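Residue-level structural notes
Residue-level listing of the chains:
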Amino acid sequence: LAKTTQPISMDSYEGQEVNITCSHNNIATNDYITWYQQFPSQGPRFIIQGYKTKVTNEVASLFIPADRKSSTLSLPRVSLSDTAVYYCLVGGPNSGNTPLVFGKGTRLSVIA
Amino acid sequence: DSGVTQTPKHLITATGQRVTLRCSPRSGDLSVYWYQQSLDQGLQFLIQYYNGEERAKGNILERFSAQQFPDLHSELNLSSLELGDSALYFCASSSQIGGSYEQYFGPGTRLTVT
């Protein structure tokens, strides 16, 4: 099971771009990288998922280098409402018996 | 609204007691996951069911058990409760068996053991 390492916390001002990097050195060939967002006292919410290169949706972008040993979640022009915990997870579609490990995530604080 | 429902929202009980948490997955989802989140802790995976069968186990205590019924709803039973069991318990559902598929989380049940 691929282990992930991400910063415990980050601060940013409103309107800035925020990049959160996650390390996953022992990622397996068929593993995907998935990011979730969690607001206080709420369940996590899926943000984005990717396998390689770059994925973009209406919320964020995910950059994955060729060696796939790390990934970067990019949040454009953050607002106060983006204050949350962000989890990076690594796992494959057939990892039913090795569930994803959420860990403690990165606590992002957006300041006005 | 994720489409996953959990009841009750809040539960306060005494040490040594037993409680049951209930989860209804999104319509059509066959996988149900249970997670525990203590104060300032990350999400700890407890157990997964897929179409009624136990699929994976995490750090679930022997005092805890779960099941998934034919209508796909799931229950998490917590017995001989201790103060340290106070936490938010989340249920999530997914259409697939693999953990990498998008999981939809319910609003959680906040359990307080006094």
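Sequence order sets the numbering: in each chain, residues are counted from 1 along the sequence as written. Throughout, the order in which chains and ligands are written sets their labels, letters from A for the former and numbers from 1 for the latter. Only residues with pLDDT of at least 70 are given local features in this predicted model, and only at 80 or more are side-chain atom pairs given and counted; all residues enter the totals for whole chains, interfaces and linings. Each side-chain value is worked out from all heavy atoms of the structure, with water and hydrogens disregarded.

1. Thoughts on the sheet that holds strand 7 (residues 70–75) of chain A
Residue and element names in this part refer to chain A. Applicable threshold: A pair of strands counts as paired when DSSP detects no fewer than two bridges linking them. Per the convention used, a helix needs a DSSP run of H or I reaching at least four residues, while a strand needs a run of E reaching at least two, with both numbered from the N terminus. Fitted lines through C-alpha atoms give the axes, limited to the stretch in contact for helices. The angle between two N-to-C directions lies from 0 to 180 degrees.
If you trace the four strands from one edge of the open sheet to the other, you get 2-7-6-5, paired in antiparallel fashion. Edge positions in the open sheet fall to strand 2 (18–23) and strand 5 (53–56), since each of these has one partner strand only. Adjacent strand axes in the sheet meet at a mean angle of 15° when their direction is disregarded. Taken together, the six bridges between strand 2 and strand 7 define a ladder with antiparallel strand orientation. Bridge pairing links V18 to L75 in strand 7.

2. Focus: the interface of chain B and chain A
Quick reminder of the rule: Note on contacts: a residue pair is in contact if any heavy atoms of the two residues lie within 4.5 Å. Two parts placed together each lose some accessible area under a 1.4 Å probe, and adding up what both lose gives the buried area. Each salt bridge in this description consists of a side-chain nitrogen of Lys or Arg and a carboxyl oxygen of Asp or Glu lying within 4 Å of one another. Here a polar contact is recorded for every N or O atom pair within 3.5 Å, except that within protein the pair must consist of a potential hydrogen donor and a potential acceptor, and residues adjacent in sequence are included only if both atoms are side-chain atoms. Residue classes follow a fixed rule: Ala, Val, Leu, Ile, Met, Phe, Trp, Tyr, Cys and Pro count as nonpolar, while Asp, Glu, Lys and Arg count as charged, and any other residue, Gly among them, counts as polar.
Contact with chain B, which involves 23 residues of that partner, is made by 22 residues of chain A. A combined buried area of about 1,700 Å² lies between chain B and chain A, and 54% of that area is made up of carbon and sulfur atoms. Of all residues in chain B, L43, S100 and F105 of chain B bury the most surface against chain A, accounting for 30% of the area lost on that side. Linking chain B to chain A there are zero salt bridges. Summed over the shared surface of chain B and chain A, the number is four residue pairs in polar contact (both at pLDDT 80 or more). Put simply, the parts of the chain that give the side of chain B that touches chain A at least two residues each are strand 4 (31–37), strand 5 (44–50), strand 6 (53–57) and strand 9 (87–94) of chain B. When the residues that make up the side of chain B that touches chain A are grouped by side-chain class, the tally is ten nonpolar, nine polar and four charged.

3. Some remarks on the layout of surface pockets
Rolling a probe over the atoms, with the probe sized like a water molecule, indicates the empty space that remains. The following threshold applies: Space inside and on the surface of the protein is sampled on a 1 Å grid over the protein atoms alone, with a cavity defined as a set of points where a 1.4 Å probe fits but cannot get out and a pocket as an open set with protein on both sides within 12 Å along at least 5 of 7 lines; lining residues have an atom within 4 Å of a point. Grid points are joined across faces, edges and corners, and a volume is the space filled by probe spheres set on the points.
The volume enclosed by the second largest pocket comes to roughly 260 Å³. Lining the second largest pocket are 16 residues, with G43, P44 and R45 of chain A together with S2 and F105 of chain B sitting closest to its centre. Its residues assigned to classes, the lining of the second largest pocket comprises seven nonpolar, six polar and three charged.

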